[in-house]
Amino acid sequence: MKHIGLIGSGFASLSAACFLAKAGFNVTVFEKNASPGGRAQKLEINEFTFDMGPSWYWMPDVFERFFASFEKSVSDYYTLTRLDPSYGVKFRESFHDIPASLAHLEEEFESIEAGSAKKLRQFLRQAEFKYKVGIRDLAHKPGKSLHEFLDFRLLTGILKMDVFTSMRKHVNKYFKDPRLRQLVKFPILFLGGTPNNTPALYSLMNYADMSLGTWYPQGGMYRVVEAMVRLARELGVKIRLNEEVTGFEYRHGKITHINTSGGQFEIDVLVAGADYHFVDQVLLDEEYRHYTPRYWKKQTMAPSSLLFYIGTKTRVPKLNHHTLFFDRDFDQHASEIYETPQWPSAPLLYVSATSKTDPSIAPEGKENLVILMPVAPDLPDPEETRMIYFNSIMDRLEKFTGTDIRNNIEVMRSYAHSNFKSDYHSYRGNAYGLANTLRQTAILKPSIKNKKLKNLYYTGQLTVPGPGVPPSLISGEVVAREVSGDYA
Ligand SMILES: Cc1cc2nc3c(=O)[nH]c(=O)nc-3n(C[C@H](O)[C@H](O)[C@H](O)COP(=O)(O)OP(=O)(O)OC[C@H]3O[C@@H](n4cnc5c(N)ncnc54)[C@H](O)[C@@H]3O)c2cc1C
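Remember, predicted model here, so these are calculated numbers, not experimental data. (Residues numbered from 1 in each chain as written. Predicted model: local features only at pLDDT ≥ 70, side-chain atom pairs only at ≥ 80, totals over all residues.)

A. Layout of the sheet that holds strand S10 (residues 245–251). With antiparallel pairing, the three strands of this open sheet are ordered in space as S10-S11-S12. Each edge of the open sheet carries a strand with a single partner, namely S10 and strand S12 (263–266). Between one strand axis and the next, the sheet turns through 30° on average, direction left out of account. Bridge analysis of strand S11 (residues 254–260) against S12 gives four bridges, and the strand direction is antiparallel. What sits directly across from threonine 260, in S12, is glycine 263. (Pairing = 2+ DSSP bridges. Helix = DSSP H or I, 4+ residues; strand = E, 2+ residues; numbered from the N terminus. Axes fitted to C-alpha atoms, helices over the stretch in contact; angles between N-to-C directions.)

B. Just the site of the ligand, in detail. Close contacts around the ligand come from 37 residues, with Gly8, Gly10, Gly38, Ala274 and Gly460 the closest. At the level of elements, helix H1 (11–22), strand S14 (304–312) and helix H15 (469–487) are the ones that each hand at least two residues to the shell around the ligand. Broken down by element, the shell around the ligand gets its largest block of residues, three residues, from H1. Tallied by class, residues from the shell around the ligand come to 17 nonpolar, 16 polar and four charged. (Near = placed C-beta within 6 Å. Nonpolar A, V, L, I, M, F, W, Y, C, P; charged D, E, K, R; others polar.)

C. Examining the domain arrangement of the protein chain more closely. Split into domains, the protein chain comes out as domain 1 (3–39 + 219–299 + 436–487) and domain 2 (103–212). Just the C-alpha atoms count here: the centres of domain 1 and domain 2 sit 30 Å apart. Counting residues at the interface gives 18 residues for domain 1 and 16 residues for domain 2. (Domains from an automatic or database assignment. Contact = placed C-beta atoms within 7 Å.)

D. Here's a closer look at unusual backbone geometry. Of the consecutive residues aspartate 84 and proline 85, the connecting peptide bond is found in the cis state with omega at 0°. On the secondary structure map, proline 85 appears in the loop between strand S5 (80–82) and strand S6 (87–90). A cis geometry characterises the amide bond from valine 464 onward to proline 465, with omega recorded as -5°. Of note, proline 465 is situated in the loop between strand S19 (456–458) and H15. Here alanine 442, not a glycine, exhibits a phi torsion of approximately 50°, which is positive. Mapping alanine 442 onto the fold places it in the loop between helix H14 (417–424) and S19. Under the C-beta neighbour-count criterion, alanine 442 is labelled partly exposed, with 19 such atoms within 10 Å. (Buried ≥ 20, exposed ≤ 12 C-beta atoms within 10 Å, placed from the backbone.)

E. Up close: the sheet that holds strand S13 (residues 269–272). The parallel open sheet is built from five strands, whose spatial order is S9-S2-S1-S13-S19. Either end of the sheet is taken by a strand with one partner, and the two such strands are strand S9 (238–240) and S19. In this sheet, adjacent strand axes meet at a mean angle of 20° when their direction is disregarded. By the bridge criterion, three bridges tie S13 to S19 in an arrangement that is parallel. Looking at S19, one finds that valine 271 is bridged to tyrosine 457.

Next comes the structure, spelled out in structure tokens:
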């Protein structure tokens, strides 16, 4: 039986491990950290439980499809609830709940801009087409050659996919009110791009948001990690925690052994699910690197984030399970991330308060807050800088909620660039990989297969199809298919 070594235990690696084990390989996962899940860590302090990474469960069909591949179902592992409202949005002048029901959402749109309900219906019809072709078809391509995209259905559909129009132009065609424009453009923040440089293909995210809905696994996002780890183990995958991969042995254009902090392991195939840049530029000997330092320098990374995990002694009113603070200038913040990278002068924010819908993750009468501020990668993040933002964020939240949060904090941790680097070997402290710009889409993403070593493959948010939990699940499936095709 061929032995496959996998670096990392993020969603992409866990997905790949499951598919490879099912295909009959002997699979071992090496994870440097003490717990699996990669960026989706769980932080437990006192009786508070925080999801340190992803908190939005979108595209439930992708998760369902993943488990169905193993004759299982999501409900075998965790309980999903659809959030209603899906989330709340604070604009400068007003606050809006975004209802789960499309009919109610149309009413909300109409109340902001006359005629926009009909436009929203048209917009979402198109987004649905993109979602179906994009997520169920394009995202499953390994991105090795343009030929993959030359099938009839894709060619006839390519114009409808809006690959060469920007998200900004596309959205502006449908909506005039700046609040609606911002609301519709918001999901691309997840893709690490700006409305200008993200192809309008990604309005498929609006279909995911508004039509498929925002869901929550009871107990938190870590339930998904636990589910995948259980499934992987059921399939025979061995997961070795606290075991860092430090280098390789090579012979005849192949990796023969993985060196780890715990020893040396002979392998037939290596799948690298750790940050691609780290594997390429640090773990591999120079002669085997797929890319040059110059190539990596030119890549547009998704932002990093400044995060605060806060458990309060009291409830904090007015917040939803997910609340977006779009009460500052979107373009200015985006430009301070991408064009002139610097700590933002007036940032947008996201606040999650999962205790609003899940009593199991905070003690009774208390609140569990995660505050996320997107910020340019590669900035110094000393404690003083973090605290300047902490205080200005608190000013905003205390004003909005009418509550003294600062004096009611029971537990608190901050997290930023240097933590991403030390915990995950993250390139430039990125939080969620490579931005999904046009120049970094499909075959233009870092390759799924190393060109100099026959048995080295990559998976994860820096290769196809891109950042986010659902794409990571797909990425694992795609790489497993490639390996199975080459080694079965
Ligand atoms: C703050 C934040 C919020 C997010 N919000 C959302 C959201 O709401 N919804 C959503 O869908 N997505 C969200 N994302 C994105 C999503 O979490 C990621 O795209 C996804 O988890 C990436 O998975 P991955 O498997 O590619 O990589 P990772 O999760 O980074 O896994 C890589 C693993 O490799 C390990 N590793 C690295 N080097 C070594 C080594 N040398 N030896 C052994 N192991 C090693 C790391 O420790 C890590 O466990 C968010 C991300 C962050 C950080």
